[in-house]
Amino acid sequence: MKIRNAIKETAIITVGTAIVAAAVFFFMLPSHVSVGSGAALAMVLSNFIPLSVSAITLIMNVGLLIIGFVLIGPEFGAKTIYCSILMPLIMGIFEWIFPNFQSITQDPLLDVICYILVVGVGLSILFSRNASSGGLDIVAKIMNKYLRIDLGKAMTYSGVAVALSSVLCYDSKTVVLSLLGTYFGGMIVDNFIFGINIKRRVCVISKELDDIVDFVLHTLHSGATLNEIIGAYDKSPKMEMVTIVDKHEYKQLMDYIRKVDPKAFVTVYSVSDMRYQPKTK
């Protein structure tokens, strides 16, 4: 079982790394837009250092990898060692297969949009497995752990300096696109990581609460908590139901509440993460 899980974990991380490498090579490098990342810094440095972008990326990743291993732990370090080596290797393969690759879209703005969307998918896969493609991703993970900053925002903060570094060798339009790409790229990653798993915490006070609880338990097959509360206006005791549901279940629940008690008092909160022990059937 452990071997099977290890193979599955490695396969998922490999896919995520390949997606990130493809986003960098096919969308960022041709446009010269330095969307804040280790590879973007490597692209800028390649104008001053006689090495390929993939080689510079590998050298930088090793240095940051040591920091991540010390501050985040051996599990993160072990996974990121693999990713940090694999990503420049994949980029090197792309450089070998497509030595004079030109922009697919022929438009830097479209390249930026494609890059942040594709790289967002790859990074969300890696972060969900407590891994990183190396470079500034390690910095973002450290900021997330010690400063409690959302991963997307942490990537934005750490990437702004890299985006600004493009002023050393590219025109003002490229610098502006680099800054915009870095900012919106952080938002996209944040959305991929947390938006997909978003849930709703629904609190209900109703005269038909027994029917609503029954619907949650036996139709949605979800859990619920009942709290005894006292209204401040009339000081009368009431029961409140609290349940957490996904987007599909939320629609079903709200439709049912509107049907059985249109006057029910309902409050809804967003829940980005949840830890619990599932009940055995």
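Going by the structure above, here's the rest.
If you're wondering where the values come from, they're calculated on a predicted model, not measured in any experiment.

Conventions we followed
- Residues numbered from 1 in each chain as written.
- Predicted model: local features only at pLDDT ≥ 70, side-chain atom pairs only at ≥ 80, totals over all residues.
- Heavy atoms only, no water.
- Helix = DSSP H or I, 4+ residues; strand = E, 2+ residues; numbered from the N terminus.
- Phe/Tyr/Trp six-rings, centres within 6.5 Å; stacked < 30°, edge-to-face > 60°.
- Buried < 20%, exposed > 50% of the residue type's maximum accessible area, 1.4 Å probe, protein only.
- Contact = heavy atoms within 4.5 Å.
- Core = buried A, V, L, I, M, F, W, Y, C linked by side-chain atoms within 4.5 Å.
- Axes fitted to C-alpha atoms, helices over the stretch in contact; angles between N-to-C directions.
- Parallel < 35°, antiparallel > 145°, perpendicular 65-115°, else oblique.
- Left-handed = near helix turned anticlockwise from the far one by under 90°.
- Nonpolar A, V, L, I, M, F, W, Y, C, P; charged D, E, K, R; others polar.

**Student:** Would you take a moment to explain the environment of V176 for this structure?
**Tutor:** Examined against the element boundaries, V176 turns out to sit in helix α8 (residues 172–195). For the pair formed by V176 and S166, sequence separation is ten residues and the distance between their alpha carbons is 9.5 Å.

**Student:** Sorry if this is basic, but what is going on with the packing of aromatic side chains here?
**Tutor:** What characterises a pair of aromatic rings is the spacing of the ring centres plus the angle enclosed by the ring planes. Taken as a whole and judged by the stated rule, the model has nine aromatic pairs. For the ring pair F25 and F26, a centre distance of 5.1 Å and an interplane angle of 85 degrees mean the geometry is edge-to-face. Of the two residues, F25 and F26, neither departs from the other in class, the shared state being buried. Ring geometry for F25 and F98: centres 6.3 Å apart, planes at 40 degrees, overall tilted. Here F25, found in helix α1 (residues 2–31), pairs with F98, found in the loop between α4 (74–97) and α5 (108–128); they are 73 residues apart in sequence, far enough to count as distant. Overall, the relative accessible area of 6% leaves F25 in the buried class. On the accessibility criterion, F98 (34% relative accessible area) is partly exposed.

**Student:** Explain the environment of G181 here, please?
**Tutor:** Here G181 is to be found in helix α8. In this structure the C-alpha to C-alpha distance between G181 and G159, which are 22 residues apart in sequence, comes to 9.9 Å. Excluding residues that lie within four positions of it along the chain, G181 makes contacts with V35, V112 and I116.

**Student:** Looking at this structure, how should I read the nonpolar core?
**Tutor:** If you look at the biggest cluster of nonpolar residues, it comprises 38 residues, and the most contacted ones within it are V24, M28, L29, V35, M87 and Y115. Every element with two or more residues in this core is listed here: α1, α2 (38–45), α3 (53–72), α4 and α5. At ten residues, the largest contribution of residues to this core is made by α1.

**Student:** Hey, could you run me through the packing of α1 against α5 in this one?
**Tutor:** Look at α1 against α5: their axes get within 8 Å of each other, and the N-to-C directions meet at 165 degrees. It follows from the interaxial angle that α1 and α5 lie roughly antiparallel. For α1 against α5, the interelement crossing comes out left-handed. In contact with I12, I13, G16, T17, I19, V20, A23, V24, F27, M28 and S31 of α1, α5 contributes P108, D111, C114, Y115, V118, V119, V121, G122, L123, I125 and L126. Residue composition of the contact of α1 with α5, by class: 17 nonpolar, four polar and one charged.

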